Structure formats: C-alpha cells, structure tokens
Amino acid sequence: MSTLHQRLAALTDDRLAGMRRGIEKEGLRVLPTGQLALTPHPVALGSALTHPAITTDYSESQLELITGVHGGVQPCLDELTELHQFTHRVLLQQQPGGELLWASSMPCPLPPDETIPLGRYGSSNVGRAKSIYRMGLGHRYGRRMQTISGIHYNWSLPGLSSDEYFALIRNFRRQAFVLLYLFGASPALCPSFVQGRKHALQPLGEGGHALYLPHATSLRMGRLGYQSEAQASLRVSYNGLKGYADSLHEALTRPYPAYEAIGVRSLGGDYNQLGTSLLQIENEFYGTIRPKRTVHSGERPLHALRERGVEYVEVRLMDLDPFVPVGITAQTMRLLDVFLLHCLLTDSPPDTPEEIATLKANQQLTAERGREAGLMLERAGAQVALADWGAEVLAECAPIASALDAALGGELYAQALAAAQATMAQPEATPSAHVLAELVQQHDSDFTAFARSHSQTARDVLLAQPWADTQQQRYLQLAEQSLAEQQRIEEGDTLPFEEWRERYMAVAELG
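Okay, so let's go over this structure. Counting starts from 1 at the beginning of each chain's written sequence and moves along it residue by residue. Side-chain atom pairs in this predicted model are given and counted only at pLDDT of 80 or more, local residue features only at pLDDT of at least 70, and totals for whole chains, interfaces and linings cover all residues. Where side-chain values are given, they derive from all heavy atoms of the structure, hydrogens and water being excluded.

To continue, consider the overall build of the chain. Under the DSSP-based scheme used, a helix requires at least four consecutive residues in state H or I and a strand at least two consecutive residues in state E, with every element numbered from the N terminus. Helix and strand counts for the chain stand at 19 helices and twelve strands. Radius of gyration here uses only the C-alpha atoms, and the compact-globule reference equals 2.2 Å multiplied by the residue count raised to the power 0.38. For 511 residues, the compact-globule formula gives about 24 Å, and the C-alpha radius of gyration of the chain, at 22 Å, lands near that figure. Projected onto the principal axes, the alpha-carbon positions of the chain cover approximately 65 × 55 × 50 Å. We call a residue buried when its accessible area falls under 20% of the maximum for its residue type, exposed when it is over 50%, and partly exposed in between, using a 1.4 Å probe and counting protein chains only. Within the chain, buried positions represent 58% of all 511 residues. The Shrake-Rupley method, run with a 1.4 Å probe sphere, supplies the accessible areas, and residue values consider only the shown protein chains as cover. Split by element, the accessible area of the chain, about 20500 Å² in all, is 53% carbon and sulfur. Counted as positive: Lys and Arg. Counted as negative: Asp and Glu, with His and the chain ends omitted from the count. In plain terms, the charge of a residue is placed at NZ if it is Lys, CZ if Arg, CG if Asp and CD if Glu. In the chain, 43 side chains carry a positive charge and 57 a negative one; their mean positions are 4 Å apart.

Right under this line is the structure:
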C-alpha cells in the first residue's frame, strides 16, 4: 500500500465531507465599448469597505465578489452566480448604456497609468489606509499590472495542523504547472497593457489588436503578470509556520532603498505609500498559494497566523474562464479539491533555495510555453516532459477522486479528473488554445472584441436566469447595512490618521 493510499484510507468520510471552500473573483468594470469604466464604485452595490461579499480589489473600477464558506461545490457556485446576477442588475443602471464585467483575466484597453483610479473606501483611518496602500502599489509596480484579474479558491479540511498545510503548500508549488496548463486562459492580451515595456510577445494577425505567445497558457502568471524585481530578492521558505512568518516579517520590516526614495509622504504632505519596507503589508507578497488565518478587527495577518496557525489555503493562480458566465465551473472546482488533497497526501520534502528557483523557472516556462510539444520542466535536477509529469500527477489523483465520490455520492469527482486527463493529453483542448482559436477565427485577432463579446454573453445569460424579488431585497439590504457600517466606522475614529498609521505599521503588531 503506497503512502498516498495509507493516508487516504486514514481520512474518514466525515472529514472528506467536512472540506470547505469559498471563492473570490475579480473583474474590471468596462463600458459597452470595452474601455475601462472610470465611474465610482456604484453606491447601489454598497460600501466597498464593509460589504461582506461585494468590494473592490486594486482599482475603483475592479470589482471583487466574495462567497461565504461552503460545504458543497454547487452551493458555492450558486452564491457566486447570485452575486453576479445582482451586480449585473446594478451595472445595467450605470450611465447611458450600462457597464459590463470584463470576462478576461488580462485587462481591457487601459488609459494612461495615472488615470487608472485607485480603490476608495471613505474617510475613516482604515479606509484611507486601504487607498494609500494601493497608491504605494502603483508607485512600486505601476497601476497597469494591478488591473489583472483572477479567481482565488480558498480551501480547508478539518483537523489539519499548520505543518500539514505547509506540506500541502510545498507540493502545490511543485505541481502548480498542472493547473496553469489545464486552466490558464490568458495566452493573449491588449497591446495597451505592455505599452512602453520590454516584452517578447508577438503580434496576432495584421491589425495590431492583440499580442500573444503561440504556446502560452497564462501570461497573467508569467513574467509580464504579477512580477516584481524587488520581491525576486525574497527567499520565502514554506517549510513551516515559523520560517515562513520570519521571512515575511523580515520583508515587512527591511527598508528598501528604492521605496525609501519614494517616501511615505510627498513634499506637499500627501501620502505615497504606507511604509518604505520591501512589503508595505502582508497582502503585497505575491505567490501562487498562501497560508491564511481569519483576522480579528484591526489585527495584522501575520500576527493572526503566528498566534493561531493556518486555518485555510488561498489558491491564487486561477485565470478567469472567459467561456463561462462567472469565470469558473463546478468541474474545475472539483478538480481543485482533488488536486489539493493530492498535494496534502503525498510526501512533501522540505524546500530549498535551489528548488524554489527551479519552481519559478517551471512556472514561467508553463505560463509562456506550456502547450509547446515536448516542453521539458526540471524535477529533482533532471529534465522531465510537462505532459508526462502532469499525466503522472493526475493518475495518482484517481483514488482521491474515488474516495470523494464515495464520501459525497455520485461520480462528479471522477468525471472532473477524467476531463483533466483528456485535456492533459490534448494541448488543443486547453482553454488557452480555445482562446487563441476563437480570437483568430471569430474576432479577427482582436483581443478587445473577443473579451467584450464574452462579457456581453455572460451578462445576457445571467440576466436571463430567474431572479426573485426576495433575492433582490436581500442584496439591497446588505448594501444599505454596509453603507451604515462604513458611516459608523468613520464616526467612531478618534486618532489622527498619522498616529493610526504608525500604530498599525508598528513592528510589535506583527506578533
């Protein structure tokens, strides 16, 4: 009996049924033309500061929809769908012609960097800090990079220790290429995204309306996406809570000369950023997966992790699926459940700085060339074909899918795995291949036309679905409550902002 089979056998049906997941989905608000909407976050959606389910990510124009925690895949997807139905109804009322939710991870045609609006959260200290943090991200990485959107899949299993979650994370990082290949859906982008930047993209077609790489899976997760020269110097280890927390602590407290040059405030007294260390706050650290712990009000995330350990993991590498109305399918969610359990149940040796560098190279190769025939990745110092390694990982997932189906009933997990195995064997069946084929065949190689078409289809499909008055009233009430809550926070502030900022950013707050 293999170690995987032994560990799987030790997982009771009750524990498997206790698996929990939630989704966070980002998406740009755009005009019917496909240009970025520069309007404020619609008041009818509530307060971006306090609404539990509808907020903004980096930009005022970038919505983030957040489900609660769900015991089943379908209820989670149902809530995500509801959130979209309500949001589209509100966006329909915005300015003449309404607004759309952009269906692609890579952004719409963008205005000049300084014109991309930062998220605004009101006049409270915590609200101001959120905007200043975003101002800092703009100074550090440029605003365009922050308009990339994706799906985060939050996942937990009852009874896991922090060490077990970190073992899962190490294996996830080793095998993340499987998910990039299977679900990457950003092989092309709008030329405005890379204007003035060095890149190796090729023009798609004659019109100059799209740039791409012929075998790319996810440009979002490649060198043009969430990347940072400064963060490249970070050597974050995932060998356990202490090592991880210590390396984050150092990044949060180590002054970084280029950011010191920007300064916390401008000569005129306006805030440029929250601090001058390598990371302003924990969320600035980029990664394909993060250990997470729910924070108390005003608590720093690192403090929460150190005090109470890992509660769940946040998978951060999923592109929006432009072919479905809410950006992800139930089948994809089930494959993620199986994949995460595989990462948990297989042996997970400690990582090393050398391996971390190799994994980064594997990620970039898969993001930029993942569908290339015979593409080789590095594993334990040897070259191995992506297709062979991926097939091996998915084959090992078979008993896990069977165990989930046995615990939960039905055959949906086995079906999700079979679909993934078929895609692994056929690069032309991947979402990234579908995007390129449709771009060329149906949209004259025009990225904006492709994404706008899918954004409109998504809206029409969602608005055509049944929507009860009770649902509408519930979401209107949530919006009103969130606005009242924001006002309460603003009225309750006592400290001047600079004093509040110094307290929040104090090293002691990190635990």
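Let us keep going from here.
Moving on, we get to the pairing of strand β5 (residues 151-156). Counting buried positions along β5 gives six out of six residues, so the element sits mostly inside the fold. We treat two strands as partners when DSSP finds at least two bridges between them. Looking at chain direction, strand β1 (residues 20-30) and β5 are connected through six bridges and run antiparallel. Bridging from a neighbouring strand, Ile 23 pairs with Tyr 153 of β5. Sheet analysis places β5 next to strand β10 (residues 312-318), joined by four bridges and oriented antiparallel. Bridge assignment links Tyr 153 to a residue of β10, and that residue is Val 315.

Turning to the nonpolar core, a few remarks are in order. Residues enter a nonpolar core if they are buried and are Ala, Val, Leu, Ile, Met, Phe, Trp, Tyr or Cys, with the set joined through side-chain atoms within 4.5 Å. Within the largest apolar cluster, 129 residues are counted, with the highest numbers of intra-cluster contacts made by Trp 155, Leu 168, Phe 172, Leu 189, Leu 317, Leu 340 and Leu 341. Element by element, the count of residues in this core is highest for helix α6 (residues 162-183), at 13 residues. Every residue in contact with Leu 341, bar those within four places of it in the chain, is listed here: Leu 11, Leu 16, Met 19, Trp 155, Leu 157, Ile 400 and Leu 404. Contacts are assigned to residue pairs that have any heavy atoms within 4.5 Å of one another.

Glancing now at helix α19 (residues 497-505). Given 3.6 residues per helical turn, the α-helix brings residues three or four places apart onto the same face. When α19 is considered as a whole, its buried residues turn out to be Phe 497, Trp 500, Arg 501 and Met 505. Burial along α19 is one-sided: seen end-on, the buried residues are contained in an arc of 120°. Against the buried residues of α19 lie α4 (125-141). Working definition: the arc comes from the directions between the helix axis and the C-beta atoms, pointing outward to the latter.

Attention shifts here to the pairing of strand β11 (residues 376-379). Bridge analysis of β11 against strand β12 (residues 382-385) gives four bridges, and the strand direction is antiparallel. Looking across to β12, one finds that Met 376 is bridged to Ala 385. Count of turn residues in the β11/β12 antiparallel hairpin: two residues, of which Ala 380 carries a positive phi of about 50°.

A few words now on the environment of Pro 52. Note that Pro 52 resides in the loop between β1 and β2 (54-56). On the basis of relative accessibility, which here comes to 53%, the residue Pro 52 falls in the exposed class. With 277 residues separating them along the chain, Pro 52 and Thr 329 place their C-alpha atoms 23 Å apart. Sequence-distant contacts of Pro 52, that is, excluding residues within four places in its chain, are made with Ile 66 and Leu 478.

Bringing the sheet that holds strand β7 (residues 202-203) into the picture now. Judged by pairing direction, the sheet is antiparallel, and its three strands sit side by side in the order β6-β8-β7 without closing on themselves. The sheet terminates laterally at β6 (188-189) and β7, the two strands that pair on one side only.

Mapped onto the fold, Thr 56 is located in strand β2. Polar side-chain contacts of Thr 56 include one of 2.8 Å to the side chain of Tyr 121. Not counting chain neighbours up to four residues away, the residues in contact with Thr 56 comprise His 41, Ala 48, Gln 62, Leu 63, Glu 64, Gly 119, Tyr 121 and Arg 134. Each polar contact in these results corresponds to two N or O atoms within 3.5 Å; when the atoms are within protein, one needs to be able to donate a hydrogen and the other to accept it, and residues that are neighboring in sequence are counted only if both atoms are side-chain atoms.

We call Phe, Tyr and Trp rings a pair once their centres come within 6.5 Å, taking the six-membered ring for Trp, and we label the pair stacked below 30 degrees between planes, edge-to-face above 60, and tilted otherwise. Considering all chains together, one arrives at 13 aromatic pairs under this definition. Pairing Tyr 271 with Phe 497 gives two aromatic rings, centres 5.1 Å apart and planes at 85°, and the pair type is edge-to-face. Here Tyr 271, found in the loop between α9 (257-262) and β9 (289-292), pairs with Phe 497, found in helix α19; they are 226 residues apart in sequence, far enough to count as distant. For the pair shown, Tyr 271 and Phe 497 are each scored as buried. Residues Trp 467 and Tyr 475 carry aromatic rings whose centres are separated by 6.0 Å and whose planes lie at 25° to one another, so their mutual orientation is stacked. As far as the burial class goes, Trp 467 and Tyr 475 line up, both buried. The ring of Tyr 121 has Lys 130 lying over it, and the distance from NZ or CZ to the ring centre is 5.3 Å. Comment: the charge-over-ring label is applied if NZ (Lys) or CZ (Arg) is within 6 Å of the ring centre and within 35 degrees of the ring normal. Just above the ring of Tyr 413 sits the side chain of Arg 334; from NZ or CZ to the centre is 5.9 Å.

Here the focus is the state of the cysteines. Note on terminology: disulfide denotes any pair of cysteine sulfur atoms within 2.5 Å. Tallying each qualifying case throughout the model produces zero disulfides. Looking at Cys 76, it has no disulfide partner, and the nearest cysteine sulfur is the one in Cys 343, 19 Å off. Residue Cys 190 stays outside any disulfide, its sulfur separated by 7.6 Å from that of Cys 108, the closest cysteine.

Let us look at the pattern of salt bridges. Side-chain pairs of opposite charge can arise where the charged atoms are in close proximity. Here, a salt bridge means any side-chain nitrogen of Lys or Arg that lies within 4 Å of a carboxyl oxygen of Asp or Glu. A complete count under the given rule lists 25 salt bridges for this structure. Across the salt bridge formed by Arg 220 and Asp 319, the nearest N and O atoms sit 3.0 Å from each other. On the criterion of sequence distance, the pair formed by Arg 220 in the loop between β8 (211-212) and α7 (229-232) and Asp 319 in the loop between β10 and α11 (330-345) is long-range, its members being 99 residues apart. Each of the two residues, Arg 220 as well as Asp 319, counts as buried. A salt bridge links Arg 300 to Glu 282; the nearest nitrogen and oxygen atoms lie 3.2 Å apart. A residue pair is termed long-range when its members are at least 10 positions apart, and Arg 300 in the loop between β9 and α10 (301-308) and Glu 282 in the loop between α9 and β9 qualify at 18 residues. Assessed through its relative accessible area of 2%, Arg 300 is described here as buried. A single network of salt bridges, built from pairs that share partners, joins Arg 290, Lys 292, Glu 314 and Arg 316.

Time to look at the environment of Ala 373. Checked against the element boundaries, Ala 373 lands in the loop between α12 (353-369) and β11. Sequence separation of Ala 373 and Leu 386 is 13 residues, and the distance between their C-alpha atoms is 9.2 Å.

Interaxial angle, 0 to 180 degrees, is taken between N-to-C directions of lines fitted to C-alpha atoms, where a helix line uses only the stretch in contact. As a packed pair, α6 and helix α13 (residues 386-396) sit with axes 10 Å apart at the nearest point and diverge in direction by 100°. When the axis of α6 is compared with that of α13, the two are roughly perpendicular. Along its contact with α6, which presents Arg 174, Gln 175, Phe 177, Val 178 and Tyr 181, the element α13 presents Leu 386, Trp 389, Gly 390, Val 393 and Leu 394. In the scheme used here, Gly and all other residues not listed as nonpolar or charged are polar, with Ala, Val, Leu, Ile, Met, Phe, Trp, Tyr, Cys and Pro taken as nonpolar and Asp, Glu, Lys and Arg as charged. Residue composition of the contact of α6 with α13, grouped by class: seven nonpolar, two polar and one charged. Orientation categories follow fixed angle ranges, with anything under 35 degrees roughly parallel, anything over 145 roughly antiparallel, 65 to 115 roughly perpendicular, and all other angles oblique.

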